[in-house]
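Listed below are the residues making up each chain.
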Amino acid sequence: MEGDTALHRSKAGDNVVTQPNETGAEVFNPWTHVSSLIERAGHLLGLDDGMIKRIITPERILEVAVPVRLDSGNIEMYTGWRIQHDTSRGPGKGGIRFHQSVNVDEISALSADMSIKCAVVNIPYGGAKGGVRVDPTQLSRGELERLTRRYAFSIAPVIGPETDIPAPDVNTDPQVMSWIMDTITMLRGYSAPGVVTGKPLAIGGTLGHAGATSLGVTICALALLRNLARTPEHERVIVQGYGKVGAPLVQLLSERGMKVVGVADVRGAIHVPGGIDPVALARHFAEAGTVVGFEGADVVALDDFFAIPSDIAIPAALGGVITERVATTLAASVVVEAANGPTTGEGAAVLHERGIPVVPDVLANAGGVVASYFEWAQDLQGYMWEKELFQQRLEKTMHEAFDAVWIRHGELGVNLRETALAVGVERIAEATRLRGLFP
Ligand code: GLU
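These lines cover the structure that appears in this document, whether it is placed above or below. As the structure is a prediction and not an experimental result, all values here were calculated from the model. (Residues numbered from 1 in each chain as written. Predicted model: local features only at pLDDT ≥ 70, side-chain atom pairs only at ≥ 80, totals over all residues. Heavy atoms only, no water.)

All right, on to the overall build of the protein chain then. Assigned secondary structure in the protein chain consists of 15 helices and 14 strands. A compact globule built from 439 residues should have a C-alpha radius of gyration of about 22 Å, and the protein chain, at 21 Å, falls within 12% of that. The C-alpha extent of the protein chain, read off along each of the three principal axes, is 55 × 55 × 55 Å. For the protein chain, the residues scored as buried account for 55% of the 439 residues in total. Contacts spanning at least 24 positions in sequence make up 67% of the contacts within the protein chain whose residues lie at least 6 apart. Counting only carbon and sulfur atoms, one obtains 53% of the accessible surface of the protein chain, whose full area is about 18000 Å². Distance between charge centres in the protein chain, computed from 38 positive and 51 negative side chains, equals 4 Å. (Helix = DSSP H or I, 4+ residues; strand = E, 2+ residues; numbered from the N terminus. Rg over C-alpha atoms; globule rule 2.2 N^0.38 Å. Buried < 20%, exposed > 50% of the residue type's maximum accessible area, 1.4 Å probe, protein only. Contact = heavy atoms within 4.5 Å. Areas by Shrake-Rupley, 256 points an atom, 1.4 Å probe, with all protein chains shown as cover. Lys, Arg positive; Asp, Glu negative; His and termini not counted. Charge placed at Lys NZ, Arg CZ, Asp CG, Glu CD.)

Attention now goes to helix 3 (residues 49–56). The set of residues buried in helix 3 consists of Met51, Ile52, Ile55 and Ile56. On an axial view of helix 3, the arc spanned by its buried residues comes to 130 degrees, and they lie on one face. Taking the backbone nitrogen of Gly50 as reference, a side-chain oxygen 3.0 Å away marks Asp48 as the first, capping residue of helix 3. (Arc of directions from axis to C-beta. Polar contact = N/O pair within 3.5 Å; in protein donor to acceptor, adjacent residues only side chain to side chain.)

With their axes 7 Å apart at the nearest point, helix 7 (residues 212–227) and helix 13 (residues 367–381) run at an angle of 130 degrees to one another. When the axis of helix 7 is compared with that of helix 13, the two are oblique. Between helix 7 and helix 13 lies a crossing of right-handed hand. Contacts from Ala212, Thr213 and Gly216 in helix 7 reach Gly367, Gly368 and Ala371 in helix 13. When grouped by side-chain class, the residues that make up the contact of helix 7 with helix 13 number 2 nonpolar, 4 polar and no charged. (Axes fitted to C-alpha atoms, helices over the stretch in contact; angles between N-to-C directions. Parallel < 35°, antiparallel > 145°, perpendicular 65-115°, else oblique. Left-handed = near helix turned anticlockwise from the far one by under 90°. Nonpolar A, V, L, I, M, F, W, Y, C, P; charged D, E, K, R; others polar.)

On to the site of the ligand. Around the ligand, the surrounding shell holds 13 residues, and the nearest of these are Lys93, Lys117, Pro168, Asp169 and Ser372. With respect to the ligand, the backbone of Gly94 contributes an N or O atom lying 3.5 Å from an oxygen atom. Between the ligand and Lys129, the relevant distance is 3.1 Å, taken from an oxygen atom to a side-chain nitrogen or oxygen of the residue. Notes on the ligand: free accessible area 290 Å², of which the protein chains cover 92%. Put simply, the parts of the chain that give the shell around the ligand at least two residues each are strand 5 (92–99), helix 4 (104–120), strand 7 (164–168) and helix 13. For the shell around the ligand, the per-class residue count stands at 4 nonpolar, 5 polar and 4 charged. (Near = heavy atom within 4 Å.)

Cis peptide bonds are those with omega within 30 degrees of zero, and the linkage from Phe438 to Pro439 qualifies with 0 degrees. Assignment of secondary structure puts Pro439 in the segment after helix 15 (416–435). A positive phi angle is found at Asn122, which is not glycine, with a value near 60 degrees. The topology assignment puts Asn122 in the loop between helix 4 and strand 6 (127–133). A positive phi angle is found at Asn171, which is not glycine, with a value near 65 degrees.

One finds Ile38, Val263, Ile314 and Val359 to be the most contacted residues of the largest nonpolar core, which totals 81 residues. It is helix 7 that provides the largest number of residues to this core, a total of 10 residues. Ranked by size, the runner-up nonpolar core spans 27 residues in total, among them Leu70, Ile96, Ala152 and Ile155. (Core = buried A, V, L, I, M, F, W, Y, C linked by side-chain atoms within 4.5 Å.)

Relative to the elements of secondary structure, Lys396 occurs in helix 14 (residues 387–412). The class of Lys396 is exposed, set by a relative accessible area of 52%. With 177 residues separating them along the chain, Lys396 and Ile219 place their C-alpha atoms 10.0 Å apart.

The next point concerns the pairing of strand 3 (residues 60–69). When a strand is regular, its side chains alternate between the sheet's two faces. Note that strand 3 and strand 4 (residues 75–86) share 10 bridges and pair antiparallel. Looking across to strand 4, one finds that Arg60 is bridged to Gln84. Turn length for the strand 3-strand 4 hairpin, with the two strands adjacent in sequence and antiparallel, is 5 residues, and the turn residue Gly73 shows positive phi of about 100 degrees. (Pairing = 2+ DSSP bridges.)

With that out of the way, let us pick up the side chain of Asp265. Mapped onto the elements of the fold, Asp265 is located in strand 9 (residues 259–265). Nearest to the buried, unbridged Asp265 among oppositely charged side chains is Arg267, at 6.1 Å. A distance of 3.0 Å separates polar atoms of two side chains, one belonging to Asp265 and the other to Thr290. Ignoring sequence-local partners within four residues, the contact set of Asp265 consists of Tyr242, Phe285, Thr290, Val291, Val292 and Leu302. (Salt bridge = Lys/Arg side-chain N within 4 Å of Asp/Glu carboxyl O.)

Set out below in structure tokens:
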């Protein structure tokens, strides 16, 4: 990771968020982007440079080699990371992703996002993130289990209920969390359900975790509409991604009166101007494994997805998709970020110029980590909550977070992304100041 370079660059005020790749082409660097955003928030709040540097710099970066015996008998090597960005407000918290594009800059950026996210929703966690550079779709179930267990073993010295608590992220799910929980439990010699969240119910998961991110996104979309004096009825929404977050989201948005007119997944995009029936789409997806081919839908090129006529655009897949070009042609008048880091710096600048409000990822998709907090609290308590209590507390936490950001937005006079960053940085700075500097 190029932490110093990032600081140096953004300090120079050029806000460069790209760096040359091997072929010399400029590519988006998520770490440079996030660290410059935190730095800008720090300046907005009048923090001194030492404090800003302390908040930006990740506390711990662990890189591990993950050898896996494939079904063929051969051994393949993978690389994994666990990064704890800031733990001033509590133990590190954040997901683990398995993806072929994972690298240290991406995981560092996502770990910093988690520090901000946990602070914005005011839960007692710091930020962390992990990942393995692997395409899990190329692995058998046995290979995936061996990869997960070896990675869990390798990061075991730095994770635990009081230190750092992983959770699902891109391409990881309750089954992967079960293998991690089991590996750590075997290593420690006692049951350790609080070491990961997003587990199945049978081993210390919580009622309501699945779909919690989507519920939080829906709450934020509704709160934004209310503050803009718009009603959900007849709002046309497009959702990019039809996975863990996107699929329940299509259902929830429709239930709350909005009309989902476009959905995309990795295989393609569909457009139904009259609105998509969420139940029929779920049924189609279960059979076809893609939204493509949904009856009565127009096919849209993935490149043109965000240009579909709509009022609300929700990226709910991978990062870096709302580029300058996409932001220029985006048809919607508001964006709610369900994915982590879906908008590039250049894309964000265009949206800002066009006056398009964006509920940023650190607020919009925080429902998942709030659910994780509730799961962890239940595991530590050894007491299971009813689903109603879970739901009620999740909605309350998300509403309070949105309102806190909205009020501060009026005071600071900057856009919602910068405001959310400022709210998070302010809370981290307060904890850092109160705790002082060890030794
Ligand atoms: N991966 C989710 C996120 O990015 C959840 C993290 C967690 O629950 O710890 O927010």
